[in-house]
Amino acid sequence: MKLVFLGPPGAGKGTLALRMTKILNAPHISTGNIFREAIAAASQLGLKVKAIVDAGKLVDDGTTIELVRERLARADVVDSYILDGFPRTIAQAEALSGFSNIDRVVNFDVPDSVVIERLSGRFVCRKCGFNWHKTFNPPEKDGVCDKCGGEVYTREDDRAEAVKKRLDVYREQTAPLIEYYRKKGLLVDIDARPDVDSIVENLKKLLRT
Ligand code: AMP
């Protein structure tokens, strides 16, 4: 199954994608992770996008579309994938329809107050990408991921100013995709407020796995 995970920052798309990638046996493709890895490696792409990503703005459509086009041309994603964080603009969605046929778009529905609460305490593992939370799900040892021993850090774009910017960008550029995909009959809505296990169960039912 070829899925797109759509929703505001902090909706839990990344966490749910990590769970569903195993259940559906579908590779997880996160454009945010690809950009963060490029930034950490100080590659040409990383140097180009660092300031944009840190500020919570969107990387230009051309760069992002090309990245996804190349990734979706690889053999492991012929039958299935989970696209997490792409598309984020109508132009990206239009481009995607030109090189891949998606089966469903899952819309993670969550109010701003929950988003801000989640993002303001989030820590991410540099190695495995697992999301921890200062209050709701802290790692056993400060700064160390329980899952893989990797270093746990606060994303630059999880700081208050950048979170505000990301929410504005989401409302203006990404939220219109909800109606865009609803009209195409591809959208399924999911309440993203409950705990992760409940959302996984709801998603399984919704996708009939
Ligand atoms: P995420 O991990 O999905 O929250 O993405 C982190 C950041 O990467 C975003 O705030 C953007 O700066 C950039 N990014 C990720 N996906 C896209 C996309 N589809 N289009 C443009 N920028 C993106």
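What you see is a predicted model, and the numbers here were worked out from it, not measured in a lab. (Residues numbered from 1 in each chain as written. Predicted model: local features only at pLDDT ≥ 70, side-chain atom pairs only at ≥ 80, totals over all residues. Heavy atoms only, no water.)

### A short note on the overall build of the chain
Okay, so step 1: In terms of regular secondary structure, the chain is built from 9 helices and 8 strands.
Okay, so step 2: Taken against the 2.2 N^0.38 rule, which gives 17 Å for 209 residues, the C-alpha radius of gyration of the chain at 16 Å falls within 12% of a compact globule.
Okay, so step 3: Along the first, second and third principal axes, the C-alpha set of the chain runs to 45 × 40 × 35 Å.
Okay, so step 4: Here the chain holds 209 residues, and the buried ones make up 47% of them.
Okay, so step 5: For the chain, the share of sequence-separated contacts (at least 6 apart) that also reach a separation of at least 24 residues comes to 69%. (Helix = DSSP H or I, 4+ residues; strand = E, 2+ residues; numbered from the N terminus. Rg over C-alpha atoms; globule rule 2.2 N^0.38 Å. Buried < 20%, exposed > 50% of the residue type's maximum accessible area, 1.4 Å probe, protein only. Contact = heavy atoms within 4.5 Å.)

### Points about the site of the ligand
Okay, so step 1: Looking at the ligand, there are 16 residues lining it, with Thr31, Arg36, Lys57, Gly85 and Arg88 nearest.
Okay, so step 2: In this structure, an oxygen atom belonging to the ligand sits 2.9 Å away from a side-chain N or O atom of arginine 36.
Okay, so step 3: One of the side-chain N or O atoms of arginine 88 is found 2.9 Å from a nitrogen atom in the ligand.
Okay, so step 4: Looking at which element gives the most residues to the shell around the ligand, the answer is helix 2 (residues 31-40), with 4 residues.
Okay, so step 5: Residue composition of the shell around the ligand, by class: 5 nonpolar, 5 polar and 6 charged. (Near = heavy atom within 4 Å. Polar contact = N/O pair within 3.5 Å; in protein donor to acceptor, adjacent residues only side chain to side chain. Nonpolar A, V, L, I, M, F, W, Y, C, P; charged D, E, K, R; others polar.)

### Notes on the layout of surface pockets
Okay, so step 1: Of the voids in this model, the second largest pocket is the one considered here, and its volume is about 680 Å³.
Okay, so step 2: Considering the residues around the second largest pocket, the lining is formed by 27 residues, among which Thr15, Phe130, Asn131, Asn137 and Val196 are closest to the centre.
Okay, so step 3: Elements that contribute at least two residues to the lining of the second largest pocket include exactly helix 1 (13-24), helix 6 (112-120), strand 6 (131-133) and helix 9 (196-207).
Okay, so step 4: For the lining of the second largest pocket, the class distribution of residues is 13 nonpolar, 6 polar and 8 charged. (1 Å grid on protein atoms, 1.4 Å probe; cavity = no way out; pocket = protein on both sides within 12 Å on 5 of 7 lines; lining within 4 Å. Points joined across faces, edges and corners; volume = space filled by probe spheres on them.)

### Some thoughts on helix 6
Okay, so step 1: Those residues of helix 6 that sit buried are Val114, Val115, Arg118 and Leu119. The buried residues of helix 6 occupy an angular sector of 120° when projected down its axis, which confines them to one face. Turned more than 90 degrees away from the buried face of helix 6, the exposed residues are Ser113 and Ser120.
Okay, so step 2: On the buried face of helix 6, the contacting elements are strand 5 (122-125), strand 6 and helix 7 (160-174). (Arc of directions from axis to C-beta.)

### Section: the packing of aromatic side chains
Okay, so step 1: For the coordinates displayed, the defined rule picks out 3 aromatic pairs.
Okay, so step 2: Centroid distance tyrosine 180 to tyrosine 181: 5.0 Å. Interplanar angle 85°. Geometry classified as edge-to-face. Here tyrosine 180 matches tyrosine 181 in class, with each residue buried.
Okay, so step 3: When the ring centre of tyrosine 153 is taken as origin, the NZ or CZ atom of arginine 126, which lies over that ring, is 3.9 Å away.
Okay, so step 4: A cation sits over an aromatic face here: lysine 184 above tyrosine 180, 4.8 Å from the ring centre. (Phe/Tyr/Trp six-rings, centres within 6.5 Å; stacked < 30°, edge-to-face > 60°. Lys NZ or Arg CZ within 6 Å of the ring centre and 35° of its normal.)

### Topic: the nonpolar core
Okay, so step 1: One finds Phe5, Met20, Ile82, Phe108 and Leu203 to be the most contacted residues of the largest nonpolar core, which totals 24 residues.
Okay, so step 2: Secondary-structure elements contributing two or more residues to this core are strand 1 (2-6), helix 1, strand 4 (104-109), helix 6, helix 7, strand 8 (187-191) and helix 9.
Okay, so step 3: When sequence neighbours within four positions are dropped, the list of residues in contact with leucine 203 reads Phe5, Leu16, Met20, Val106, Phe108 and Ile190.
Okay, so step 4: Within the second largest apolar cluster, 21 residues are counted, among which are Ile29, Ile65, Val68 and Leu177. (Core = buried A, V, L, I, M, F, W, Y, C linked by side-chain atoms within 4.5 Å.)

### Section: the pattern of salt bridges
Okay, so step 1: Going through the model one piece at a time under the given rule, you end up with 17 salt bridges.
Okay, so step 2: Between arginine 71 and aspartate 76 there is a salt bridge, with its nearest N and O atoms 2.7 Å apart.
Okay, so step 3: Residue arginine 71 is classed as buried on the basis of its relative accessible area, which comes to 14%.
Okay, so step 4: For aspartate 76, a relative accessible area of 41% corresponds to the partly exposed category.
Okay, so step 5: One salt bridge in this structure joins glutamate 156 and arginine 159, with 3.4 Å as the shortest N-O distance.
Okay, so step 6: For arginine 159, a relative accessible area of 43% translates into the label partly exposed.
Okay, so step 7: Among the ionic contacts, a cluster of salt bridges with common partners joins Arg122, Arg155, Asp157, Asp158 and Arg166. (Salt bridge = Lys/Arg side-chain N within 4 Å of Asp/Glu carboxyl O.)

Any link to function would need more than the numbers given here.
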